[in-house]
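Residue-level listing of the chains:
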Amino acid sequence: MSQSFPRLSARTRRFTLGVPRGFTISPDGGKVLFLRTRSGTDPVTCLWELDTETHVERLVVDPRTLDADDRDLPPEERARRERSREQAGGVVAYSTDSSVARAAFALAGGLYVTELPDGRTRRLETSGAVIDPRVSPDGRRVAYVTGGALHVRDLASGEDRTLATPESPTVTYGLAEFIAAEEMDRMRGHWWSPSSDALLVERADDTPVQTWYVADPANPDREPAAQRYPAAGTPNAVTELFVLGLDGSRVAVPYEHEYLAAASWDSHALSIVTLSRDQKTMRLLTVDPATGSADLVREDTDPAWVDIVGGVPAHLDDGSLVWVATADGGHRLFVGDRAVTPPTLQVRAVLDVDHDSVLFSASGDPTEIQLWTWDGHSLLPVSTRSGVFTGRMAGGVGVLSEQSLDVEGVSTTVVRRDGMAIPIPSYAEHPGLDLRVSLGRSGRRELSTAVVLPSWHEPGSRPLPVLMDPYGGPHAQRVLNRRGGYLESQWFAEQGFAVIVADGRGTPGRGPDFERAVLGDLATPALEDQVDALHGVAEQYPDDLDLTKVAIRGWSFGGFLAALAVLRRPEVFHAAVAGAPVTDWRLYDTCYTERYLGHPDEQPEVYDNSSLFGDAAKLDRPLLLIHGLADDNVVAAHTLRLSSALLAAGRQHSVLPLSGVTHMTPQEVVAENLMLLQVEFLKKALHVLG
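This text gives an overview of the structure that appears in the document.

**Side note on the overall build of the protein**
For the protein, the count of helices and strands is eleven helices and 44 strands. Across its three principal axes, the protein shows a C-alpha extent of roughly 70 × 55 × 55 Å. Here the contacts in the protein between residues at least 6 apart in sequence split such that 59% fall between residues at least 24 apart. Of the accessible surface of the protein, which amounts to about 26,700 Å², a share of 49% is contributed by carbon and sulfur atoms. Side-chain charges of the protein comprise 65 positive and 95 negative groups, with the mean position of each set lying 4 Å from the other.

**Section: helix 7 (residues 557-568)**
Look at helix 7: 16 Å from first C-alpha to last across twelve residues, which is about the 16 Å you get at 1.5 Å a residue. Across the twelve residues that make up helix 7, a large majority, eleven, are buried. Every buried residue of helix 7 is accounted for by F557, G558, G559, F560, L561, A562, A563, L564, A565, V566 and L567. Residues of helix 7 that are buried sit in contact with helix 6 (524-540), strand 41 (545-555), strand 42 (575-579), helix 8 (590-597) and strand 43 (623-628).

**Section: the environment of V142**
Mapped onto the fold, V142 is located in strand 11 (residues 141-146). Sequence separation of V142 and A498 is 356 residues, and the distance between their C-alpha atoms is 54 Å. Discounting chain neighbours no more than four positions away, the residues touching V142 are A104, L111, P133, R134, V135, H151, V152, R153, L155 and W192.

**Considerations on the packing of aromatic side chains**
The geometry of an aromatic ring pair is captured by the separation of the ring centres together with the interplanar angle, meaning the angle of the planes. Summed over the entire model, instances satisfying the criterion amount to 18 aromatic pairs. Judged by centre distance (5.6 Å) and plane angle (25°), the ring pair of F5 and F15 falls under stacked. Here F5 is found in helix 1 (residues 5-11), whereas its partner F15 is found in the loop between helix 1 and strand 1 (21-25), with ten residues between them in sequence. By relative accessible area, which is 2% here, F5 ends up buried. On the basis of relative accessibility, which here comes to 8%, the residue F15 falls in the buried class. A ring pair is formed by W585 and Y592, whose centres lie 5.9 Å apart and whose planes are at 15°; its orientation type is stacked. Note on accessibility: W585 and Y592 belong to one class, buried. Positioned over the ring face of F334 is R298, at 5.2 Å from the centre of the ring.

**Quick notes on the sheet that holds strand 6 (residues 95-96)**
Taken in spatial order, the four strands line up as 6-7-8-9 in an open sheet, and their pairing is antiparallel. Whereas interior strands pair on both sides, the edge strands pair on one side only; in this sheet they are strand 6 and strand 9 (120-124). Of the strand pairs in this sheet, strand 8 (residues 110-115) and strand 9 are connected by five bridges, and their pairing is antiparallel. Each residue of the ladder has a partner; that of E115, found in strand 9, is R120.

**Notes on the side chain of D154**
Mapped onto the fold, D154 is located in strand 12 (residues 149-154). Taking the relative accessible area as the measure of exposure, D154 reaches 14% and is therefore buried. At 2.9 Å, the side chain of D154 forms a polar contact with the backbone nitrogen of A156. Among the polar contacts made by the side chain of D154, one reaches the main-chain amide nitrogen of S157 at a distance of 3.0 Å. Setting aside chain neighbours within four positions, we find D154 in contact with R140, R141 and E159.

**As for the pattern of salt bridges**
One pass over the structure, following the stated rule, counts 42 salt bridges. As a salt-bridge pair, D42 and R64 come within 2.8 Å of each other at their nearest N and O atoms. Highlighted residues: D42 in the loop between strand 2 (31-37) and strand 3 (44-51) and R64 in the loop between strand 4 (57-61) and helix 2 (75-83), separated in sequence by 22 residues. Here the residues in one salt-bridge network are R14, D469, R478, E488 and R553, joined through shared partners.

What counts and how
- Residues numbered from 1 in each chain as written.
- Predicted model: local features only at pLDDT ≥ 70, side-chain atom pairs only at ≥ 80, totals over all residues.
- Heavy atoms only, no water.
- Helix = DSSP H or I, 4+ residues; strand = E, 2+ residues; numbered from the N terminus.
- Contact = heavy atoms within 4.5 Å.
- Areas by Shrake-Rupley, 256 points an atom, 1.4 Å probe, with all protein chains shown as cover.
- Lys, Arg positive; Asp, Glu negative; His and termini not counted.
- Charge placed at Lys NZ, Arg CZ, Asp CG, Glu CD.
- Expected span 1.5 Å × (residues − 1).
- Buried < 20%, exposed > 50% of the residue type's maximum accessible area, 1.4 Å probe, protein only.
- Phe/Tyr/Trp six-rings, centres within 6.5 Å; stacked < 30°, edge-to-face > 60°.
- Lys NZ or Arg CZ within 6 Å of the ring centre and 35° of its normal.
- Pairing = 2+ DSSP bridges.
- Polar contact = N/O pair within 3.5 Å; in protein donor to acceptor, adjacent residues only side chain to side chain.
- Salt bridge = Lys/Arg side-chain N within 4 Å of Asp/Glu carboxyl O.

Right under this line is the structure:
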């Protein structure tokens, strides 16, 4: 390689640049729109089109030709990208009309509309920076948000109407509030009616939410950024829904629950999904857009929590409801009132409904995510090889994206009605690593585990220092059958470590009982399972692991787990690198934290048991804390308060503050040097030579 892996990983945004994504299939299956950068090191995302008849690819929108400086983003768009973990620039999101003849997108705060047949793109003048433009189904109008107000632009006449204006600086119309975007994967706050004459619109008021201030100590002349952050046990934003007609009508849509989890408006129903504050009750409601009255379709309850699943509610052509719920010990697909998948197949998301067929992702083996369809009569596998798949389906045409340990990168294929496969090339860079990854089960609970050894290591030749490399938290998974998930782990292995990645209780893919084992305790099960996995792997590789030199590293929940490990199990873990760790769950947000630990005023002892502060005096192992000072998700106070507690206890530790860095650490130089500094710290801490 002409450059080091850390530099290449940073420059390519962990090898995600150049990978096709964001697919839209036209109703007739004749064309597929998608996003992709022009190379594996180009951070500017373009809009492309594939003609499924001619197999010809066409560049539709190249942002560089539009004279827009994407570095000057409005704060709302920066926050939106942070919530979606978007690391590229350019056209990172777009919407189309129902016929996929017209597309709209925001670029550097400007509103752009593209006529897809000829690729003609024009910028529309607006009164302010534009967020989340969405084309009406009939293609005649585009709705967008600026300054917290919802606007509708008539594309023929140019008339721009304000349908809703915020009553105060803390109010927005048409945008998802922080909790919805960060914790419920709901990135939008307005939905067009199928007839294009009205919109369902969220009104969010942050007035009750406490204000935190994120400062930049490296630039003391700058004012701290004020941020409304709903920490556990404190008030959330107040959300309301309205049906806003283009005729000026405004109909309130009342609902009882704290959270709006999802909404959809198709030809069968205007549907909303609400969730109680304790997340034990979820309701699916259908709304009469003329009156705002709602009818209960179904109510799901769970003594732990009810899961929010992507892609539902949806409907088949005959109006049958498509839903996912927990039943008989599994996450199951329901069509109407009937579960159509077995409890042993864990449904992860509904990806598309094409007339009478449902495309969904599910896991039998937790290390794989396969694609299936329900065609109204039977379950049919779509993906037939081992790996991790996602996809789309419309007009009888499918898009399949595949990853596995056997193939480098992401492979994307369009499958026509006649079965012909058309590849969409990826321009991603090659990592240049020789992966030595073995997937298996380890420990008493047969935890999903990946063992990553150096490419140069001869098995059984000598014991290697061990690096545990987990995330380990709920609703996220590391051990999957895909090469891209182990690139950093392999690089660390090349530096002389045997790297172990283990998914403990709380992680998805193994069913509700396994996931709900962390209820009331985010610390003990997660840490126990890392120890269990370590000892299980050591039994399988008795001559390759040196258990006298065991380190652990992680980011976010993984950072919490890494610090927890050296504080509570120093006899097992001899050094830790904790990046952006949650150190006190009272400082993390309502929706995530209360799902697992309840309300802090009602169960303070649960929060104390899952906090790191009470263990500060126990530290006698090397600990490096890393935190971005601009992090608005896990704020830097987590690390700073833990550091203060460690100092008060007289415990030596290291802190690496990252000026101007958020939770994602997208800056190239920062991302590169973080990897190098971690290796240097770990080798010194474990007394590893070389």
